[in-house]
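The chain contents come next:
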Amino acid sequence: METRNRPDEWKIEQGLHGAKLPIIDQTGPEERPIPPQPEFLGFKDEAAIWSIGDPEKLFAEELEGWKGYIEWEKHPEKKAKAAQILKSQTFPPPPEFQLGPIPGTNPVLAGTRWKMWHHAVGGALDSVPDDSWATVLKEKHPDMLHLLQFPYNGEPPKRLVTAKEITPNPLHFVRNHGGIPLIEVDKFSLTLDGLVANPQSFTLNDLKDESRFPRMEKCVTIQCSGTRRIEQISLYAGEGDEMINAPWAEGAIGTARYVGVSLKHVIKACGGLVNGGKHLEFYGAESYFKKGQVHNYVVSVPWSKVKAHEVILAWDMNGEALPKIHGYPLRVVVMGYIGARSVKWLYRIKAIENPSLAPVQSQEYLYFNQQTGKHNQRMTDGIQIQEMPVSSAIMYPWTKQVVIHNGKIHCKGWAYSGGGRWPERVELSADGGFSWYSVPQERISKKHKWAWRTWDFELPCDVEGWIEIVCRCWDNSLNTQPLAVRAAWNWGLHVTSSAHRISVYSVNKSRELTRKRLAMFEEKGESFGPLTNTTEWQVQSWEDYKAYWETNDPRDMENEYDSRDLED
Ligand SMILES: Nc1nc2c(c(=O)[nH]1)N[C@H]1C(S)=C(S)[C@@H](COP(=O)(O)O)O[C@H]1N2
Ligand SMILES: [Mo]
């Protein structure tokens, strides 16, 4: 008999290949499977593109000493031309990695479409993808996990996330929406305009002039709202945008000492806000592609945040000039808010009346209700994420790991709370969250108002076999974390702040039997892992086996009546 099914039919039936599952429409008179997307056929209208103009002129570098910066926000006609170019051709669909397998490569994803968009617009953007990668190779640690090559998104591996309380710059995660502008400090200036009394520009030396602006130094944790997204993805897929869904693990968080000035002082130097100015819009110099349009990276924060001296304009990170990849020469650091508001390559601050309408503010970083998704989503259904909630993560051991221990499992991790709250208590459970141990204060790093605390703990664990280790944090307001990922799942896959759960196979060597068995593996020179490998040899001798049955009841009890049967 010939097999007629496709080879992966069983996988599809079992939900192991979600991207290939046909959608069913049960609303008509007849149930109807909706076929998958047709194969991508590229299309490019060269004539239409040429008629728009010469990209070298249209999209030339904006300023001398600012490589990779094009001003889009002030030039709607330029934006329209770029959009027209993008519309005159098609680009391949984003790779599927949520309902299909995530590639086992580093970089994990290439960002092919983003590179193509930059090359399609051309001009100053043509070299941006290559420049960006060259900067990554120069500035980042060789052990970084590159989730997306371009725009560059990378995090340190688990073993290095909490190795230091202050994250070394080469290991600080990077979240980019576009290229890395290369700005010469001598050519740099920051413009403050909009609803301020006296719009002005400042060089970096102006800002560094302590007779004008007092210095501010702070230890601050920057956390991306996508941190730990992989836990949501592995349960339920969400928004399919290649970028938003950088499959972040627990490393999209980093802590550094920043030096700069409080934005409040700079606004004061401009005579303060006027005419209903209530929000500060920050402009980052790179180009950001969204839904066929090109923008600069723009977001805003409310004046109340600035007024409280919780927004730094920073030029120094851990005692050195900001790395290029982290916003050189000047970035915003908004304490306690999602990373998205801490704008890098800052070149303009505009005082405005209402929160920014720019896409990063109004279309992204929205926290949706679970019933809101592809089928019904409106921007206004999402909460614009600002302050981050309390969260924590276990960095060691790793999920699915076999841990041999002496009754206590050594665990390490971080805990953080946004909005100026800090971790007061870190708790671990070895039984899925039924009983909890507090990590002693001396095992948790120093408190800072705006930063994480790293911790390590010997978690008592008597049981053996698969266990679930759970970590949660209580902040100083006694907020804590939801216990299940599902309870906090959302379409944008943001803010995975549920208690962090890992499954570990516990092998407790404080138990006699376990110790002996492990010794046997050693004697035979056989590895205990992988766990599922069977042994060729018996772990129990036949002598043992027989002795057992001699002194114990048999497996099946005889019924007194049955035993009479034969005789009847
Ligand atoms: N100009 C600009 N600023 C930006 C971004 C960006 O893409 N462009 N990404 C933001 C996001 S989403 C985060 S999480 C932080 C990350 O900061 P880092 O890359 O220095 O770690 O930068 C923010 N500032
Ligand atoms: Mo982010």
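Residues numbered from 1 in each chain as written. Chains lettered and ligands numbered in written order. Predicted model: local features only at pLDDT ≥ 70, side-chain atom pairs only at ≥ 80, totals over all residues. Heavy atoms only, no water.

Here we look at the site of ligand 1
Working step 1: In the vicinity of ligand 1 lie 19 residues, with Phe173, His177, Glu286, His326 and Lys344 positioned nearest.
Working step 2: Arginine 175 has a polar backbone atom sitting 3.0 Å from an oxygen atom of ligand 1.
Working step 3: A distance of 2.7 Å separates an oxygen atom of ligand 1 from a polar atom in the backbone of histidine 177.
Working step 4: For ligand 1, the protein covers 100% of the area, taking 530 Å² as the surface of the free molecule.
Working step 5: Among the cavities detected, the one that contains ligand 1 is the largest cavity.
Working step 6: Along the lines of polarity and charge, the residues of the shell around ligand 1 split into eight nonpolar, seven polar and four charged. (Near = heavy atom within 4 Å. Polar contact = N/O pair within 3.5 Å; in protein donor to acceptor, adjacent residues only side chain to side chain. Areas by Shrake-Rupley, 256 points an atom, 1.4 Å probe, with all protein chains shown as cover. 1 Å grid on protein atoms, 1.4 Å probe; cavity = no way out; pocket = protein on both sides within 12 Å on 5 of 7 lines; lining within 4 Å. Sits in = over half its atoms within 2 Å of the grid points. Nonpolar A, V, L, I, M, F, W, Y, C, P; charged D, E, K, R; others polar.)

A closer look at the UniProt feature "domain: Moybdenum cofactor oxidoreductase dimerisation" (unreviewed entry) in the protein chain
Working step 1: As annotated by UniProt and renumbered to match this structure, "domain: Moybdenum cofactor oxidoreductase dimerisation" (unreviewed entry) occupies residues 384-504.
Working step 2: As a span, residues 384-504 carries 0% helix and 45% strand, and end to end its C-alpha atoms are 36 Å apart. (UniProt positions renumbered as here; feature names shortened; annotations may be inferred. Helix = DSSP H or I, 4+ residues; strand = E, 2+ residues; numbered from the N terminus.)

Section: the side chain of asparagine 296
Working step 1: Relative to the helices and strands, asparagine 296 resides in strand E13 (residues 293-302).
Working step 2: A relative accessible area of 2% places asparagine 296 in the buried class.
Working step 3: At 2.9 Å, the side chain of asparagine 296 and the backbone nitrogen of tryptophan 72 are in polar contact. (Buried < 20%, exposed > 50% of the residue type's maximum accessible area, 1.4 Å probe, protein only.)

Some points on the layout of surface pockets
Working step 1: Taken as a whole, the second largest pocket encloses approximately 880 Å³ of empty space.
Working step 2: Every residue lining the second largest pocket is counted, 27 residues in all, and those nearest its centre are Lys158, Ile230, Ala249, Glu250 and Thr399.
Working step 3: Among the residues making up the lining of the second largest pocket, the classes are represented as 14 nonpolar, five polar and eight charged.
Working step 4: Two domains each provide a minimum of three residues to the lining of the second largest pocket, namely domain 1 (46-366) and domain 2 (391-508). (Points joined across faces, edges and corners; volume = space filled by probe spheres on them. Domains from an automatic or database assignment.)

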